[in-house]
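Observations on the three-dimensional arrangement
Listed here are the chains, written in short residue letters.
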Amino acid sequence: MNKRQAKYQSLCPSPLSLLIALSLTGGIAHAQSTTGSIVGQVPAGMGDTVTLQSGNGLQRDVAVDERGRYSANQLPLGNYTVTLKRGGQAVQTRDNVALRVGAATDVSFTEAATKNLEGVSVSANALPAIDVTSVDSRTVITSEQLAKLPLGYSAEAVARLAPGAVNNGGGFTSATGGSLVSFGGSGANENAYYINGFNTTDPLKSEGGLTLPYGSIDQEEAYTGGYSAQYGRSDGGVLNMVGKRGTNEWHFGGRASWEPASLRSSAKNFYYQNGLPNPPLPTGSLYSPREKNEYWITTYDAYVGGPIVKDKLFFFASAEMSKQQGSSVGTVTSSSPYQTYQYKMPKWYAKLDWNINDSNIVELTGASNKRSYQGNLYRYDFQNMVPGRLVSHADSTKNGGDLWTGKYTGYLTESLTLTAQYGKMKTRAFQQPVGYAPDLTYVSGITAQNPAIVGSQPRFNNQTTTSLYDPDRGNTVTNLRVALEYKLGDHTLTAGIDNLTAEALNQGRVTSGPGYSWSYGHSDHPTAPLDPGLGVGPTAGFPNGATGYYVMKNVNSQLANVKTVEHAQYIEDNWQFNDRLLLSLGIRNDQFTNYNANAQPYIKQTAQWAPRLGFAWDVNGDSSFKVFGNIGRYYLASPLEPALSAAGAQTSTTQYFTYSGINPDGTPSGLTQMSPPVSANNNFGVLPDPKTVTAKDLKSMYQDEYILGFTKTLGQEWVYGAKATRRVLRSAIDDFCDVDLITAKAQALGYNVSSLNSCYLINAGRANTFVVVDDAGQHHDVKLSREELGFPDMKRKYYELDLFLEHPFDGKWYGKLDYVFSRSYGNTEGWTQSNVQSDGPSESADWDNAPIMVYSNGDQGNDHRHQIKLWGYYQITPEWLVSGNVSLISGAPNVCLGLFPGDNPDPSGYGSSYHFCRGVPVTPGSIGRLPWQRQVDLGVKYTPDFAAHKLGLHLDVFNVFNSQPVVNITPNLYAKSDGTLNPLYGTPRVMQAPRYLRFSVTYDY
């Protein structure tokens, strides 16, 4: 425990004692954000109670306190009628009060409206534009806005409207196809996903989560910082989706959408940017003819909702089916580059709401989000650009899963509210070959086969399956949340627990065919060592290697079940210090335990205290000017994937050969062994002792965040504001794989070490103590300072200035303009590394060894200095509405990774992965930037009078100007450690999607 942790622990009693004390005094918490609040001010003597009536019959009566204030928390979302009463008689009424998730809606009453009108009801709808009770940073998009804006049908497309949120630069997607979002400089898989309060985040790699059908989203909340102690396990953002619910009125409808291939612009081709491959290809510099790709998408959904028993029992149900069909052409180096394919993406959502009475509510939610793929693989004639014969069927895949959750809300007294929620999610990652031939060996790199043997026609077979997976592969998650809330004078005390258990089942893979594959290669420098870091010599030193041709035998194997148990307790006090100042004082304690394939714990983290302190100052006392701030700490649990790598029994080896012949099926013959099986990370299939997997006293990954901002009305129609954010990553977990360094230190200490792991989980950029096992089976501590490890201090820092101007919807138009200036810099991006397309924790080369980190400090792959976002809509007439969404984002840093200078160009055996370009140090971002990303989306909607505006005809045009800048390039300058240039260096890997159109028909009754 460090001094800072000890300080927090000494100031705070145990979580159990806090919960007991608050229970006895009536304290407890905000539930997860699926609800809203109504608050307000009443002039003295004007009224004594306020009645709130929802559209589904729920009624709550709250008292006006001695200061003339009232508040009602934990209200289900919907439209409310708010009535001020005196002596049981209505004085004033506000109709159609719409709640926003996680926010307080101010419904205050004025004395002027009731002078000389005693006993007469007065209706009004004017509400303040600013929520002066919130201390966080969030963007809430309602279903009404979703129906008007030209957005992609995904939760991530909605979240990108938030300031500081950008699409990741590595092309990373969730298992169900959602493009991951980076919030505030954090890695794109450091976010949390919620549906109706249930955590749906992918437990394996934290890549996205299950999401709702687009038409079922009532509100989507994108937290970009400052969230309360009720939320954890995220240091990026939170995507919180609240689904629709039934009311006393019947509603039904649907949508049909079509994105035709004929109106989709062609994607730009990829070309070799660093010379041509050797041997040369007949296609010249063409690498991937993407202009030949085409596909179309159709989407159908329907919904129905209403009362089963009026005022008591309600249901809402919806279903969505999206289908993408098309064909694509891969790279010129592929043996079966042409494919025809089909994706099916079904979703459904169902919800039951039971108002047992006005004091007890039960909610049941079910949801499903899946994606399946089927395809056929063909040869391709790149010179004539036409498909060839069928090779085989592609592997069939099915990803995604289902969840269910139940929630109880009890308004036990006027001051005490209890919420309890439990749910379970089960996902699968099915992948199975169709017509798999187990007697065939997978062969790759066929364009590097020796032309003296094969001429101009590479040899290969019909094996397209590289790996085999267990058909029952998948994950399960259970999530329990219990919370109490107690109003005590000016204090709203909250506390709760947030427990989550996740398991990854039947994970891993084995190489297809005989259990190994072949990959051909060529060296331009046959007399130079091929891979000196792994002890692989020059090809010229072996028979048939004089011209630089060789082949690699690859073996990969890994199968396991692993688990994590995560508990948290939180407590919070929202203190209305005076009429204008609200203080939010909270703290959260997280505990994480991860288990390996033998159900043995290898990471155990306790007493991770995360304070959350915020304020909101209603400067003028009339909700027209708010100044707010927030300081918080956010911890990340380790996902399950490291249990399959550093803590797993993975086999990943390569063996090098020269050859004298190539069989008709593409496999080599006349082999001469150049090396035994080698592994850069010592992955030889041995499950490590769990005590040795992590550095001793490992600290969790956590980040501190600081926010200060204001929001102010500008006249009667505008709102503007500014916000400054600072994020500092204090600790990071990564894998360290230089086992020789640990061996040398152990031997210097007199320990005869007989077993070492492939990699160790460490705190990056710090001193670490490793546990090793000697020949007698005894454990010993081996401490290496940061200097002995050869590491710089770990750094990830982010700052942001956000300026906005907003015109709230006035019945005619809505608009919002955001400008963000930001910088994300340091030597670690987090759990992703965009510039090398590493999408999982401990998967990148960062921190694996000292040479990799030399000159690593600079602008990170998700750093975008300038972001301009403009979006809104205009109701021209009751029948016609136009909308738009403009996004201008400056490019990410350019990157060049090469070989290490000096006598050993590849000291770690990682190839062209060092921060040197042609022998010159190149820190990230020091050689320029990629182009700006410019996206303009426009929409028009027609709702004719003759259909009572219930029928809608929509046309949306995405990327109107067909801008296709490069988003990600191949960063590796060399193909091999011998200095052979990589012709793909600088070649685009990700580009902005081309222009396309979407036609939609909707009907809402």
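Cut-offs applied
Residues numbered from 1 in each chain as written. Predicted model: local features only at pLDDT ≥ 70, side-chain atom pairs only at ≥ 80, totals over all residues. Heavy atoms only, no water. Helix = DSSP H or I, 4+ residues; strand = E, 2+ residues; numbered from the N terminus. Rg over C-alpha atoms; globule rule 2.2 N^0.38 Å. Buried < 20%, exposed > 50% of the residue type's maximum accessible area, 1.4 Å probe, protein only. Contact = heavy atoms within 4.5 Å. Areas by Shrake-Rupley, 256 points an atom, 1.4 Å probe, with all protein chains shown as cover. Lys, Arg positive; Asp, Glu negative; His and termini not counted. Charge placed at Lys NZ, Arg CZ, Asp CG, Glu CD. Polar contact = N/O pair within 3.5 Å; in protein donor to acceptor, adjacent residues only side chain to side chain. Pairing = 2+ DSSP bridges. Arc of directions from axis to C-beta. 1 Å grid on protein atoms, 1.4 Å probe; cavity = no way out; pocket = protein on both sides within 12 Å on 5 of 7 lines; lining within 4 Å. Points joined across faces, edges and corners; volume = space filled by probe spheres on them. Nonpolar A, V, L, I, M, F, W, Y, C, P; charged D, E, K, R; others polar. Salt bridge = Lys/Arg side-chain N within 4 Å of Asp/Glu carboxyl O. Phe/Tyr/Trp six-rings, centres within 6.5 Å; stacked < 30°, edge-to-face > 60°. Patch = residues over 30% accessible without salt bridge, like charges linked within 9 Å, V, L, I, M, F, W, Y side chains within 5 Å. Axes fitted to C-alpha atoms, helices over the stretch in contact; angles between N-to-C directions. Disulfide = S-S within 2.5 Å. pLDDT = per-residue confidence, 0-100.

1. Brief notes about the overall build of the protein chain
In terms of helices and strands, the protein chain carries 8 helices and 57 strands. In terms of overall dimensions, the protein chain is globule-like: its C-alpha atoms have a radius of gyration of 30 Å, near the 30 Å expected for 1005 residues. The dimensions of the protein chain, computed from C-alpha atoms along their principal axes, are 105 × 70 × 45 Å. Per-residue burial for the protein chain yields a buried fraction of 58% across its 1005 residues. A separation of at least 24 residues holds for 72% of the contacts in the protein chain among residues at least 6 apart in sequence. When the accessible surface of the protein chain is totalled, it reaches about 38100 Å², and 54% of it is carbon and sulfur. Positive and negative charge centroids in the protein chain, built from 80 and 86 side chains respectively, lie 1 Å apart.

2. Quick notes on the environment of Gln41
Considering the arrangement of structural elements, one finds Gln41 in strand E1 (residues 35-41). Sequence-distant contacts of Gln41, that is, excluding residues within four places in its chain, are made with Arg67, Gly68, Arg69, Tyr70, Val107, Ser108 and Phe109. In this structure the side chain of Gln41 is engaged in a polar contact, spanning 2.8 Å, whose partner is the backbone oxygen of Arg67.

3. Some details on the sheet that holds strand E12 (residues 192-195)
Two pairing modes exist for strands in a sheet, parallel and antiparallel, and in both the strands are linked by backbone hydrogen bonds. As summarised here, the arrangement of the 5 strands in space is E9-E14-E15-E12-E13, forming an open sheet in which the pairing is mixed. Edge positions in the sheet fall to strand E9 (137-142) and strand E13 (198-199), since each has one partner strand and no second. In this structure, E12 lies alongside strand E15 (residues 238-243), joined through 4 bridges in parallel fashion. Across the sheet, the residue bridging to Tyr194 is Asn240, located in E15.

4. Details of helix H7 (residues 739-748)
Those residues of H7 not exposed but buried are Val739, Ile742, Thr743, Lys745 and Ala746. The buried side chains of H7 occupy one side of the element, clustering within an arc of 165° when seen end-on. Turned more than 90 degrees from where H7 packs its buried face, Asp740, Gln747 and Ala748 sit exposed. Just downstream of H7 lies Gly750, where phi reads positive at about 90°.

5. As for empty space enclosed by the protein
Within the structure shown, the criterion is met by 11 cavities of 30 Å³ or more. In this model, the largest cavity occupies a volume close to 230 Å³. Secondary structure elements with two or more residues in the lining of the largest cavity: strand E29 (491-511) and strand E31 (549-576). By residue class, the composition of the lining of the largest cavity is 10 nonpolar, 7 polar and 4 charged. For the second largest cavity, the calculated volume is near 100 Å³.

6. With respect to the pattern of salt bridges
Close approach of charged atoms lets side chains of opposite charge pair. Under the criterion given, the structure shown has 38 salt bridges. For the salt bridge of Arg264 with Glu259, the shortest nitrogen-to-oxygen distance reads 3.1 Å. Connected via shared salt-bridge partners are Arg233, Arg481, Asp498, Glu566, Arg588 and Asp590.

7. A word on the packing of aromatic side chains
By the definition in use, this model includes 41 aromatic pairs. With a centroid separation of 6.2 Å and 35° between ring planes, the pair formed by Trp258 and Phe999 is classed as tilted. One end of the pair, Trp258, is in strand E16 (residues 251-259); the other, Phe999, is in strand E57 (residues 996-1004), and 741 residues separate them in sequence. Residue Trp258 is classed as partly exposed on the basis of its relative accessible area of 45%. With centroids separated by 5.7 Å and ring planes inclined at 65°, the aromatic side chains of Tyr338 and Tyr378 adopt a geometry described as edge-to-face. In this pair, Tyr338 sits in strand E21 (residues 338-357) while Tyr378 sits in strand E22 (residues 360-381), placing the two residues 40 residues apart along the sequence.

8. Some words on a positive patch on the surface
Residues Lys398, Lys424, Lys426 and Arg428 make up a contiguous surface patch of positive charge. Per-element tally for the positive patch: the top contributor is strand E25 (residues 416-432), with 3 residues. In this structure, Arg428 sits in strand E25. On the basis of relative accessibility, which here comes to 39%, the residue Arg428 falls in the partly exposed class.

9. A closer look at the sheet that holds strand E7 (residues 104-106)
One open sheet accounts for 3 strands, arranged E4-E1-E7; its pairing is mixed. In the strand order of this sheet, the two ends are held by strand E4 (69-76) and E7, each with one partner. Between one strand axis and the next, the sheet turns by 20° as a mean value, whatever way the strands run. In the sheet, E1 pairs with E7 via 3 bridges, with the strands oriented parallel. Residue pairing for E7: Val39 is matched across the bridge by Asp106.

10. Looking at the state of the cysteines
Scanning the entire structure with this criterion turns up 2 disulfides. Here Cys737 engages in a disulfide with Cys759; their sulfurs sit 2.0 Å apart. One quick way to see it: the torsion about the S-S bond of Cys737 and Cys759 is about 105°, and its sign makes the bridge right-handed. Of this pair, Cys737 sits in the loop between strand E41 (733-736) and H7 while Cys759 sits in the loop between strand E42 (753-755) and strand E43 (760-763), placing them 22 residues apart in sequence. Bridging Cys896 to Cys917, the disulfide has an S-S length of 2.2 Å. Around the S-S axis, the bridge from Cys896 to Cys917 shows a dihedral of about 75° and counts as right-handed.

11. Focus: unusual backbone geometry
At the junction of Asn278 and Pro279, the peptide bond is cis and its omega measures out at 5° in the coordinates. Locating Pro279 in the fold gives a position in the loop between strand E17 (270-271) and strand E18 (286-288). Residues other than glycine seldom take positive phi values, yet Asn506 does so here, at roughly 55°. With respect to the helices, strands and loops of the structure, Asn506 is situated in strand E29.

12. Some remarks on the pairing of strand E44 (residues 768-774)
Burial analysis of E44 places 7 of its 7 residues in the buried class, the great majority of the element. Both faces of E44 are covered, namely the face carrying Asn768, Phe770, Val772 and Asp774 and the face carrying Thr769, Val771 and Val773. Here E44 runs beside strand E45 (residues 779-784); their pairing, made up of 6 bridges, is antiparallel. Bridging across to E45, Val772 finds its partner in His780. Counting the residues that bridge the hairpin from E44 to E45 gives 4 residues, and of these Gly777 lies at a positive phi of roughly 85°.

13. With respect to the environment of Gly102
Residue position: Gly102 is located in the loop between strand E6 (89-98) and E7. Sequence separation between Gly102 and Leu687 is 585 residues; the distance between their C-alpha atoms is 46 Å. In this structure Gly102 touches Ser33, Thr35, Gly36, Arg138 and Glu221, once residues within four positions along its chain are discounted.

14. Side note on the pairing of strand E33 (residues 601-618)
Pairing of strand E32 (residues 581-595) with E33, which is carried by 14 bridges, proceeds in the antiparallel orientation. Its bridge partner being in E33, Leu585 is matched across the sheet by Leu613. Hairpin remark: E32 followed by E33, antiparallel, with 5 residues in the connecting loop; positive phi at Ala599, about 60°. Pairing geometry for E33 and strand E34 (residues 625-636), over 7 bridges, is antiparallel. Each bridged residue has a counterpart across the sheet, and for Arg612 the counterpart in E34 is Gly632. With antiparallel pairing between neighbouring strands as the criterion, E33 and E34 make up a hairpin whose turn holds 6 residues, including Gly621 at a positive phi of roughly 75°.

15. Some points on the confidence of the model for the protein chain
On average, the protein chain scores 91 in pLDDT, and the residues at 70 or more come to 95%. When the criterion is pLDDT under 50, residues 1-32 qualifies, and its contacts beyond four places in sequence or with other chains add up to 75 contacts. With pLDDT under 50 throughout, residues 113-127 is counted as low confidence; its partners more than four residues away or in other chains account for 27 contacts.

16. Here we look at the side chain of Glu485
Position of Glu485 relative to the elements: it lies in strand E28 (residues 474-488). For Glu485, which is buried and forms no salt bridge, the nearest opposite charge comes from Lys487, at a distance of 6.1 Å. A distance of 3.2 Å separates polar atoms of two side chains, one belonging to Glu485 and the other to Asn73.

17. A closer look at the environment of Ile453
Tracing the sequence through the fold places Ile453 in helix H5 (residues 451-454). For Ile453, a relative accessible area of 23% puts it in the partly exposed group. For the pair Ile453 and Asn663, spaced 210 residues apart in the sequence, the C-alpha separation amounts to 9.9 Å. What Ile453 contacts, discounting residues up to four positions off in sequence, is Arg459, Tyr659, Ser660, Gly661 and Ile662.

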